Amino acid sequence: MKKSKYVFLLLGFVFADSVYVPEDYLTINEAINSLAIHDTIVVTDGIYAESLSINQSMSLIGYPGVIIDGSGYNAVINIEADSVLVQGFEIIGDTLTVGGIIVLPGSEYITLKDNVIHGMQLPNESSALLASYGILSYGDGDGPPNPPRNLIIENNEIYDINAFAISLGSFSDSVFIKNNYIHDIDRIDLSPYGYEEDLSVGVIAQFGGWIQIEDNDFSNVLLGANLYFSYGEVS
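Residues numbered from 1 in each chain as written. Predicted model: local features only at pLDDT ≥ 70, side-chain atom pairs only at ≥ 80, totals over all residues. Heavy atoms only, no water.

1. Overview of the sheet that holds strand 24 (residues 217-219)
With respect to topology, seven strands assemble into an open sheet ordered 4-7-10-13-16-19-24, the strand pairing being parallel. Taken across any chain shown, the strands that pair with only one partner, and hence form the sheet edges, are strand 4 (47-48) and strand 24. As judged from the two bridges shared by strand 4 and strand 7 (residues 67-69), these two strands associate in the parallel manner. The residue of strand 7 that forms the bridge with Tyr48 is Ile68. (Pairing = 2+ DSSP bridges. Helix = DSSP H or I, 4+ residues; strand = E, 2+ residues; numbered from the N terminus.)

Dropping the structure here:
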């Protein structure tokens, strides 16, 4: 059941066609399956042991204290759509989780803000480096790049991740990363690759379009940003 009402956010009021969890639907997946394009899901309370796939434009907003526990799932949230907002959740993974939020090739105008993301520890066996990710976006490496474009990653806290807090993979384009607190990122051993050192990175990318990294706080991570064959600005 949909309701049209004012949704109160920290920054003001937004008028939208909204569904509420758990008031209207008991799970977030049920709410996603009910939506028309550009609708809003507001999660007001609770812990949700779910993995979410977002394949249409929507806003997904959590009240303080709401948790999406993706322990046991490969990814907690997959996004393959344009014009998506994910805001306000604690997003949890475990040793079976590769990524917290994954933005798939071709997705555009994605905003990820005010989330707390932690616990992703399963190495990505399809990657050259056996890392996990708090946030991952990537283009298509097998054909035309089809990069994710126009991403905003802002005001998130990301920690307790295996190696990479934010990975833009290959071919992400027009990415704005601002005011995130990235800390306690676990190191991976590079000796199998011929290097006698460890590695952990706050933001990593290769073959990226414009990437702007601004006013982030990095703590207990070896490299704040490492951009291979990419262009942009770090400040």
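Resuming the write-up.
2. Quick word on the pattern of salt bridges
The tally for this structure, following the rule as stated, stands at two salt bridges. In this structure, Asp173 engages Arg149 in a salt bridge whose closest nitrogen and oxygen atoms are separated by 3.3 Å. One end of the pair, Asp173, is in strand 18 (residues 173-178); the other, Arg149, is in strand 15 (residues 149-154), with 24 residues separating them in the sequence. You can call Arg149 partly exposed: its relative accessible area is 31%. With a closest N to O distance of 3.6 Å, Glu214 and Lys178 form a salt bridge. One end of the pair, Glu214, is in strand 23 (residues 210-214); the other, Lys178, is in strand 18, with 36 residues separating them in the sequence. Residue classification places Glu214 among the buried residues on the basis of a relative accessible area of 17%. (Salt bridge = Lys/Arg side-chain N within 4 Å of Asp/Glu carboxyl O. Buried < 20%, exposed > 50% of the residue type's maximum accessible area, 1.4 Å probe, protein only.)

3. Digging into the nonpolar core
In summary, soluble globular proteins display a tendency toward joint burial of nonpolar side chains. Membership of the largest hydrophobic core comes to 47 residues, with the highest contact counts inside it found for Ile41, Ile77 and Ile79. Beyond its immediate stretch of four places on either side in the chain, Ile79 contacts Ile54, Val84, Val86, Ile101, Ile102, Val103, Leu104, Ser107, Ile110 and Leu112. If you look at the next biggest cluster of nonpolar residues, it comprises 14 residues, including Val98, Leu136, Leu190 and Val201. (Core = buried A, V, L, I, M, F, W, Y, C linked by side-chain atoms within 4.5 Å. Contact = heavy atoms within 4.5 Å.)

4. Points about the sheet that holds strand 8 (residues 75-79)
Ordered by their spatial adjacency, seven strands build an open sheet running 5-8-11-14-17-22-25, and the pairing between neighbours is parallel. Since the sheet does not close on itself, it has two edges, and those belong to strand 5 (52-54) and strand 25 (223-228), each with one partner. Each strand of the sheet is rotated relative to its neighbour by a mean of 15 degrees, with strand direction disregarded. Note: strand 5 against strand 8, three bridges, orientation parallel. In the strand pairing of strand 8, Leu52 is matched with Ile77. (Axes fitted to C-alpha atoms, helices over the stretch in contact; angles between N-to-C directions.)

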